Amino acid sequence: MSANSTYTPGNFTTVATPLQRSVSDASIASATFVTIVLVLTIVGNSLVCFSVYYFPRLRRPTNFLIVSLAVSDLLVGSLSLPFRIAQTVNHDKWPASLGRAGCQYWIWIDMLCCGASILNLTGISFDRLLAVKWPLTYRENMTSKRAALVIIFVWVYAFLFACLSFVKWGGKETIDSVPQCSIKAKIYITILACAAFFFPLAILIFNYTLVLKIAIQHARAVQKDRDAIAVNFLPEQDNANEETSGIASSPGSSTRAISIGKRSCEPLTEQKPRRSSGLHIMKQLKATKTLAIVVGVFILSWFPFFVIFLTFQYCPECFGNERIPAPVKTALLIVFVSVLPVSNSAANPIIYTCFNKEFRTAFLRVLYKISRRSDAKFLSKSNGYTDTFSSYA
């Protein structure tokens, strides 16, 4: 990292460093990697949007927030990463043909999209908390209108912080396009990192901690119910055995109670609301599991970067060669600055495919819809999908 405390966008992913690549092969390899990520980002997040659009079953408040997250990643892939590729193939120097205005636009769109990503995840965490903590009233509390209000707030908040990049902080220009497109305002970088990353991240972690606590409590309650059923549910025997075992029954009643000794279960009809609530919570927890993986990948991708980024702003000497060997520094920058943050925008659709059956099936159906005109035999040999897709032809 350079002594001028610069920030270069591209998904918050390039910090100016003295370890500049001088070999063209390295620039080509880096540009190739970013290009692959760009394609995966656009294709994957487009599938997410089309899936929710095509299939009414997926049109739920949670998935509207997921679409908002996909849109932010889609904009990163289509509007931000191309500028990163342009700078990379130009030996990590900002192309003069794009000028300072192009640099300003790149930073603005990058701030907007990346800020929206973390804020969308925060909104999703509130949705998951409502779904798990109050499962029976979730649909009343989290309506489509309220989800839309959350999405509007997310994008307005991200838009305002992105526009702060136009402000001259400390009386100096915030943007510098020579030699790299970068931000050199220490105050703005600090405010941005705290308000647009660490603060939402704290809320995110707090909400999912509560969700995890509820999940553990529910798992214990389910296990307790199973144990009670295993002990209490015995086959009916003759009256003598019933008296001996302590089983009491009322032949004329439809709400028979089963008891052993002094322990008794509630009437079976009174258990239905509880079982309904339990099943609903289990369904919500399955959806929460996938979204928790999304959050975990996001934290893994971005938290090390921001720690490195902010540490350098206030302690540039901490990254001196006398403290960190050059090979170690290079490895840290490659993994936590160049690779993980760039890859995050393409990761979410892959997670949905691996861990969410609804989205996995929807992705396949969307691909089938798109390709059926050009290839009538598409997926005809897929295991178990021919009958499913035939109804959508």
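Examining the overall build of the protein
Part 1 of the reasoning: Of regular secondary structure, the protein possesses 11 helices and four strands.
Part 2 of the reasoning: The buried share among the 393 residues of the protein stands at 45%.
Part 3 of the reasoning: Considering only intrachain contacts with a sequence separation of at least 6, the fraction spanning at least 24 residues in the protein is 74%.
Part 4 of the reasoning: Summed over its atoms, the accessible surface of the protein is roughly 20700 Å², and 65% of this surface lies on carbon and sulfur atoms.

Considering the packing of aromatic side chains
The geometry of an aromatic ring pair is captured by two quantities: the separation of the ring centres and the angle between the planes.
Part 1 of the reasoning: Evaluation of the coordinates by the stated rule reveals 24 aromatic pairs.
Part 2 of the reasoning: Taking the centre distance of 5.3 Å and the plane angle of 10° together, the rings of Trp94 and Trp106 count as stacked. Of the two residues, Trp94 is situated in the loop between helix 2 (61–89) and helix 3 (99–133) and Trp106 in helix 3; the sequence distance between them amounts to 12 residues. You'll find Trp94 and Trp106 in the same group, each marked buried.
Part 3 of the reasoning: In textbook terms, an aromatic cluster arises when at least three aromatic residues are bridged by ring pairs, as seen for Phe197, Phe198, Phe298, Trp302, Phe303, Phe305, Phe306 and Phe309.
Part 4 of the reasoning: In this structure, Lys369 packs its charged tip against the face of Tyr54, placed 5.7 Å from the ring centre.

Some words on the pattern of salt bridges
Part 1 of the reasoning: Per the counting criterion, the structure on display carries four salt bridges.
Part 2 of the reasoning: For Arg128, the salt bridge goes to Asp127, with nearest N and O atoms at 2.9 Å. An identical accessibility class is assigned to Arg128 and Asp127; each is buried.

What about the confidence of the model for the protein?
Part 1 of the reasoning: Averaged over all residues, the pLDDT of the protein equals 77, while 73% of them reach at least 70.
Part 2 of the reasoning: Below pLDDT 50 for its whole length, residues 1–5 participates in 18 contacts with residues either more than four positions away or in separate chains.
Part 3 of the reasoning: Taken as a whole, residues 382–393 scores under 50 in pLDDT and shows 14 contacts with residues more than four places along the chain or in a different chain.

Regarding helix 3
Part 1 of the reasoning: With 35 residues, helix 3 should cover 51 Å at 1.5 Å per step; its first-to-last C-alpha distance of 52 Å lies within 8% of that length.
Part 2 of the reasoning: Most of helix 3 is tucked away: 28 of the 35 residues are buried.

Concerning the nonpolar core
Part 1 of the reasoning: Formed by 77 residues in total, the largest nonpolar core has its most connected members in Ile183, Tyr352 and Phe359.
Part 2 of the reasoning: At the level of elements, helix 1 (24–54), helix 2, helix 3, helix 5 (144–163), helix 6 (186–232), helix 8 (272–314), helix 9 (326–355) and helix 10 (357–371) are the ones that each hand at least two residues to this core.
Part 3 of the reasoning: Here this core gets 15 residues from one element, more than from any other, and that element is helix 3.
Part 4 of the reasoning: Phe359 has contacts with Val48, Val52, Leu58, Asn63, Ile66 and Tyr352, leaving out every residue within four places of it along the chain.

Brief notes about the packing of helix 3 against helix 5
Part 1 of the reasoning: Following both chains from N to C, one finds helix 3 and helix 5 inclined at 145°, their axes separated by 8 Å at the closest point. Where helix 3 crosses over helix 5, the handedness of that crossing is right-handed. Mapping the contact onto sequence places Trp108, Met111, Leu112, Gly115, Ala116, Leu119, Asn120 and Gly123 in helix 3 and Val150, Val154, Trp155, Tyr157, Ala158, Phe159, Ala162 and Cys163 in helix 5.
Part 2 of the reasoning: The residue inventory of the contact of helix 3 with helix 5, partitioned by class, reads 13 nonpolar, three polar and no charged.

The rules behind the values
Residues numbered from 1 in each chain as written. Predicted model: local features only at pLDDT ≥ 70, side-chain atom pairs only at ≥ 80, totals over all residues. Heavy atoms only, no water. Helix = DSSP H or I, 4+ residues; strand = E, 2+ residues; numbered from the N terminus. Buried < 20%, exposed > 50% of the residue type's maximum accessible area, 1.4 Å probe, protein only. Contact = heavy atoms within 4.5 Å. Areas by Shrake-Rupley, 256 points an atom, 1.4 Å probe, with all protein chains shown as cover. Phe/Tyr/Trp six-rings, centres within 6.5 Å; stacked < 30°, edge-to-face > 60°. Lys NZ or Arg CZ within 6 Å of the ring centre and 35° of its normal. Salt bridge = Lys/Arg side-chain N within 4 Å of Asp/Glu carboxyl O. pLDDT = per-residue confidence, 0-100. Expected span 1.5 Å × (residues − 1). Core = buried A, V, L, I, M, F, W, Y, C linked by side-chain atoms within 4.5 Å. Axes fitted to C-alpha atoms, helices over the stretch in contact; angles between N-to-C directions. Left-handed = near helix turned anticlockwise from the far one by under 90°. Nonpolar A, V, L, I, M, F, W, Y, C, P; charged D, E, K, R; others polar.

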